[in-house]
Amino acid sequence: MIRYALTRLLLLAVGLAVASAIIFLTLRVFPGDVAQMIAGTNGTPEQVARIRTELGLDRPLLTQYLDWIGGVFTGDLGSSFLTGTPVTAELAEKARVTVPLGILAMAIALIVAVPFGVLSAVRRGRADGTAISVIAQALAAVPVVWAGMMLVVVFAVGLGWLPAQGFPTATGWSTPWLALRSLLLPALTIGVVEGAMLLRFVRSATLQAIGEDFVRTAAAKGLTRTQALLRHGLPSVGLSIITVLGLQVAGIIVGAVVIEQVFNLPGIGRMLVTDVGARDLEKVQGELLLLTAFVLAIGFLVDLLHHAIDPRQREAE
Amino acid sequence: MSFPIRRAAFLAAGLTATLALAACTGQAPAPEPTEVDPDATLRVGLVLEPTTLDIRRTSGAALEQVLVDNVYEGLVTRTPENEIVPSLASEYEVSPDGLTYTFTLHEGVTFHGGGELTASDVVWSLDAVVSDAAFVGHDDLASIASIEAPDDHTVVLTLSEPNQNLLFTLTGPAGLVFDEGDETDLKTAANGTGPFLLDSWVQGDSITFQRNDAYWGEPAGVGTVTFSYIPDFQAGVSAALDGSLDVLTPVQADLASQLDGVNGFELQYGRTTDKYVLAFNNAVAPLDDPRVREALRLAIDHEALVEVIGAGETQYGPIPSLDPGYEDLSELVPFDPERARQLLAEAGQENLQLELTIPSFYGTTISTFLVSAFNDIGVELTVEPVEFSTWLNDVYTNGDYELSMVNHVEPRDFGAWANPEYYFHYDNPQVQELYASALTEVDPEASAELLADAARLVSEDHAADWLYTAEQITAVGPGVEGLPADSLNSRLDVSGVTLAH
């Protein structure tokens, strides 16, 4: 187990190192830079050149990269060219919106996906099972932006139950109900669409489990098919769900980019869009590296969990 | 730069449904608010957020819009109609030869940090702009030869040659006065003399002001102002509808009907100097041929375009109606596709293909209109939407484009037509001479006439097409009084606004 964990950890470190180089280089491919953005449409070439020198943008790329990575090792992910705010402080601030949003969205996705996914597998070939599949197929195809606007129209503007947009930044989570209310519609938007996709996965995992030897054996020993599935099949379905959920963390961050725009939420997604637009690259690369580290770390945990739960994997070792 | 028009079609469905539902639920008319609350919180919804608060070193209308006059002040300022009026100077005098400007400062003015305003603060602030190229407006103050403070309340500027634009430049970021030697980090904090203190900036969300109770002038009419930045136009309208805002500006024209008369909101149409400029790269073939440029302009039905946009006025030359030197030049470019085709034939450009580079946040309304208009005269237009920073790099800096469309917000920016290095690459020595003499002309009227002559030449050369000047739609909620109407995208002075409950 420990050897397995160490190998995975090493892979994680290599992954991060490669990611840092890719992030750094791809951001440099974008045309335009922050100096031009600062100088704007009245800026003269001299002005742009001066700002570039001040910000150290005229140094060779390798020097810039090494400087940045050197900082990362000492815990300094860099700071914004424009405001001087450290990346870590900004991310921590925006995470107050995006992390709860992601957790809520995932919870909703699970609530949608697991019961209905299992049901549609068990009732395969019957009217209700087929209906669930068809609805899920349709929901998964709905664009997140459109779903969000429709929910706003019905629940916020029409019924007035929930706010149409915004987050109570001034009070934040010290007014938990206000904060939670403002995240419900966006979480529902991401959660239902992601849940519909997850549902299809749960369905196929359940179908597979129904066909597994150990479920058939259990059924042969006298359990009903449903009992056999619940007792012996579900843990294996659970494993698959954990794997997919790990992958969905990245999906939810991407979803946040869109949904935070629609619902005007000051979260990580909206910040990334703004920062890329302003070419505040030092900030963007710090943010992306931290997010990559987060996604890789989740993957690492999922692997460990998988390893710990699944007897087949341990035996294979 | 820039107020986009976008996602119109995308939002049409949402709009219809919203209206239907709003009608169903039938909000009862609230009683007219009457009691003015001097400590009220005014909640303003805006679209473009500044990327930093460093107004001295960063250009952009979003910064000027909220900070100038509210937090920072200069010797002089301008009204929403672009008239120059005294601010920190109680009065000023210009010598008859236009070379000496003498400003007398108000007494008893203090900075938010507690420092007292003296003439040496003014000298220090202006000196920084004159001596450092990285400051906004550095070039515009190039004619200043010396800045002196003969006593604590007098500042004398001496110019090497007269500059008709000097006072106007001083109404902008270049003229703002800071506390000498102050070490406030201007990127995220502020220390001005204005009627409001900068309370907080939550990046990606909002900026909050508190009233400056030690203000030297008339105290502000509300206790707190929150500017919420809502980049998505529909989300902004939703915020106004759900009661989160007292003011929303700008409102996209095709969404405005959702707010008109709803929940006590009223729409206000303000003039701007937002020039939607279809730039031709005058330096590259075939656009170096004036016949081709004229043909493209004749193909555009400007009246129809303004109608499609929903708010704005036609503008047939480089100077908008709020700036000196404006005159109606519509006779130069009547809508005439027939003549356009003729001109293209004369120029031997019957099968012309052109590319339009346009920042993507302007949406597709304008580009679709142009594709169709040019198609009618046999010109095939392909549209290349790019990010704004890409536009700055490719078009603005490198001049690598054929046609481009952006909104030039800045007032009195005629200088771009007299600068062949500017991305238009328009080079007419006569225009350059006229502009130079307009700048050095001491009499404002005579200067405006010179500008008008220069503007006419630019339009006769068809150096670009001025699609329209935007009008800014502002939704004003119940109880809000005293909000200015014009030029709100570059100057949103909220000190005179009151809010009643």
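On a predicted model such as this, the values are computed, not experimentally measured, just so you know.

**Quick word on the overall build of chain A**
Part 1: A count of helices and strands for chain A gives 13 helices and 0 strands.
Part 2: The secondary structure elements of chain A, listed N-terminal to C-terminal, are α-α-α-α-α-α-α-α-α-α-α-α-α.
Part 3: C-alpha atoms of chain A, sized along the principal axes, occupy 85 × 55 × 35 Å.
Part 4: In chain A, once contacts between residues fewer than 6 apart in sequence are set aside, the share between residues at least 24 apart is 71%.

**A word on the overall build of chain B**
Part 1: For chain B, the count of helices and strands is 12 helices and 19 strands.
Part 2: The C-alpha radius of gyration of chain B comes to 24 Å, within 12% of the 23 Å expected for a compact globule of 501 residues.
Part 3: Counting only C-alpha atoms and orienting by the principal axes, one finds that chain B spans roughly 70 × 65 × 35 Å.
Part 4: A buried classification covers 53% of the 501 residues belonging to chain B.
Part 5: Intrachain contacts of chain B at a sequence separation of at least 6 include 72% that bridge at least 24 residues.

**Topic: the interface of chain A and chain B**
Part 1: Tallying the contact residues gives 43 residues for chain A and 46 residues for chain B.
Part 2: Elements supplying a minimum of two residues to the side of chain A that touches chain B: α2 (34-39), α3 (45-55), α7 (144-158), α10 (225-262) and α11 (268-277) of chain A.
Part 3: Examining the composition of the side of chain A that touches chain B, we find that 6 residues originate from one element, α7 of chain A, more than from any other.
Part 4: Of the residues in the side of chain A that touches chain B, the class split is 18 nonpolar, 19 polar and 6 charged.

**Considering the pairing of strand β8 (residues 196-202) of chain B**
Within a regular strand, side chains alternate between the sheet's two faces.
Residue and element names in this part refer to chain B.
Part 1: Here β8 runs beside strand β9 (residues 206-211); their pairing, made up of 6 bridges, is antiparallel. The partner of Val202 across the bridge, within β9, is Ser206.
Part 2: Connecting β8 to the antiparallel partner β9 that follows it, the hairpin turn spans 3 residues, and Gly204 within it adopts a positive phi of roughly 80°.

**Some points on the nonpolar core**
Part 1: Judged by nonpolar contacts, the single largest core of 209 residues is most densely connected at Leu67, Ala240, Ala295, Ala299, Trp417 and Ala454 of chain B.
Part 2: Looking at which element gives the most residues to this core, the answer is helix α8 (residues 176-211) of chain A, with 13 residues.
Part 3: Every residue in contact with Leu67 of chain B, bar those within four places of it in the chain, is listed here: Leu53, Ile55, Tyr72 and Ala190 of chain B.

**Side note on the sheet that holds strand β7 (residues 154-159) of chain B**
Residues and elements named next belong to chain B.
Part 1: Read across the sheet, 4 strands follow the order β4-β5-β7-β6 without closing on themselves; strand pairing throughout is antiparallel. The open sheet has two edge strands with one neighbour each: β4 (89-94) and β6 (144-151). Recorded for the sheet is a direction-independent mean angle of 15° between the axes of neighbouring strands.
Part 2: Bridge analysis of β4 against strand β5 (residues 100-105) gives 5 bridges, and the strand direction is antiparallel. From the neighbouring strand, Ala89 faces β5, where its bridge partner is Leu105.
Part 3: Where helix α3 (residues 119-131) meets the sheet, its contacts fall on β5, β6 and β7, and the angle it forms with β6 comes to roughly 170°.

**With respect to α3 of chain A**
Residues and elements named next belong to chain A.
Part 1: Every buried residue belonging to α3 is among Gln47, Val48, Arg50 and Ile51, and all of these are buried. The arc enclosing the buried residues of α3, seen along the axis, measures out at 160°, which places them on a common side.
Part 2: Gly56, located one to two residues past α3, shows a positive phi value of around 75°.

**Digging into the environment of Pro176 of chain A**
Residue and element names in this part refer to chain A.
Part 1: Relative to the assigned elements, Pro176 resides in helix α8.
Part 2: On the basis of neighbour count, Pro176 is assigned to the exposed category, with 11 C-beta atoms found within 10 Å.
Part 3: The sequence separation of Pro176 and Pro115 amounts to 61 residues, and the corresponding C-alpha distance is 29 Å.

**Quick word on the environment of Val134 of chain A**
Part 1: Mapping Val134 of chain A onto the fold places it in helix α6 (residues 127-140).
Part 2: Taking the C-alpha atoms as reference points, Val134 of chain A and Asp58 of chain A, 76 residues apart in sequence, are found 56 Å from one another.

**Let's talk about the pairing of β9 of chain B**
Residues and elements named next belong to chain B.
Part 1: Within β9, 5 of the 6 residues are buried, which leaves the element mostly enclosed by the surrounding structure.
Part 2: Looking at chain direction, β9 and strand β10 (residues 224-229) are connected through 5 bridges and run antiparallel. Residue pairing for β10: Gln210 is matched across the bridge by Thr224.

**Some points on the confidence of the model for chain B**
Residues and elements named next belong to chain B.
Part 1: In this model, chain B carries a mean pLDDT of 90, and residues with pLDDT of at least 70 account for 94%.
Part 2: Per-residue pLDDT, averaged within each element of chain B, yields its smallest value for helix α1 (residues 8-25) (41) and its largest for β5 (97).
Part 3: The low-confidence segment residues 1-28 (pLDDT under 50) makes 50 contacts with residues lying over four places distant or belonging to another chain.
Part 4: Here the predicted complex scores 0.85 on pTM and 0.78 on ipTM.

**Some remarks on unusual backbone geometry**
Negative phi values dominate among residues other than glycine, just as trans dominates among peptide bonds.
Residues and elements named next belong to chain B.
Part 1: Each neighbour pair has its own omega, and for Thr249 with Pro250 the value is -5°, a cis peptide bond.
Part 2: Residue placement: Pro250 occurs in the loop between β11 (247-248) and β12 (266-280).
Part 3: Between Ala285 and the following residue, Pro286, the backbone shows a cis peptide bond with an omega angle of 0°.
Part 4: If you trace the backbone, Pro286 turns up in the loop between β12 and α6 (290-298).
Part 5: Although it is not a glycine, His462 adopts a positive phi angle of roughly 55°.
Part 6: Take His462: it is sitting in the loop between α12 (444-460) and β17 (464-476).
Part 7: One non-glycine residue, Ser487, lies in the positive phi region at around 55°.
Part 8: Residue position: Ser487 is located in the loop between β18 (480-481) and β19 (498-499).

**Some points on the packing of α6 of chain B against helix α8 (residues 337-346) of chain B**
Residues and elements named next belong to chain B.
Part 1: With their axes 8 Å apart at the nearest point, α6 and α8 run at an angle of 160° to one another. The pairing of α6 with α8 is recorded here as roughly antiparallel in orientation. Every pair of crossing elements has a handedness; the one defined by α6 and α8 is left-handed. Two secondary-structure elements touch here, α6 through Arg291, Val292, Glu294, Ala295 and Leu298 and α8 through Pro337, Arg339, Ala340, Leu343, Leu344 and Glu346.
Part 2: Residues that form the contact of α6 with α8 fall into these classes: 7 nonpolar, no polar and 4 charged.

**Quick look at the packing of α8 of chain A against α10 of chain A**
The description of two helices packed together rests on the angle between their axes and the distance between the axes.
All names here are of chain A.
Part 1: Relative to each other, α8 and α10 sit at 150°, their axes nearing to 9 Å. The orientation of α8 relative to α10 falls into the category roughly antiparallel. In this structure, the crossing between α8 and α10 has a hand that is right-handed. Of α10, the residues touching α8 (which contributes Pro186, Thr189, Ile190, Glu194, Leu198, Phe201, Val202, Ala205, Thr206, Ala209 and Ile210) are Leu229, Gly233, Ser236, Val237, Ser240, Ile241, Val244, Gln248, Gly251, Ile252, Gly255 and Ile259.

**Quick look at α8 of chain A**
Part 1: In a regular helix each residue adds 1.5 Å, so 36 residues correspond to 52 Å; α8 of chain A covers only 46 Å between its end C-alpha atoms and thus falls short of that length.
Part 2: A maximum bend of about 35° is found in α8 of chain A at Leu184 of chain A, where proline Pro186 of chain A lies one to four positions downstream.

Rules used in this analysis
- Residues numbered from 1 in each chain as written.
- Chains lettered and ligands numbered in written order.
- Predicted model: local features only at pLDDT ≥ 70, side-chain atom pairs only at ≥ 80, totals over all residues.
- Helix = DSSP H or I, 4+ residues; strand = E, 2+ residues; numbered from the N terminus.
- Contact = placed C-beta atoms within 7 Å.
- Rg over C-alpha atoms; globule rule 2.2 N^0.38 Å.
- Buried ≥ 20, exposed ≤ 12 C-beta atoms within 10 Å, placed from the backbone.
- Nonpolar A, V, L, I, M, F, W, Y, C, P; charged D, E, K, R; others polar.
- Pairing = 2+ DSSP bridges.
- Core = buried A, V, L, I, M, F, W, Y, C linked by C-beta atoms within 7 Å.
- Axes fitted to C-alpha atoms, helices over the stretch in contact; angles between N-to-C directions.
- Arc of directions from axis to C-beta.
- pLDDT = per-residue confidence, 0-100.
- Parallel < 35°, antiparallel > 145°, perpendicular 65-115°, else oblique.
- Left-handed = near helix turned anticlockwise from the far one by under 90°.
- Expected span 1.5 Å × (residues − 1).
- Bend = angle between axes of the 7 residues up to and from the residue.

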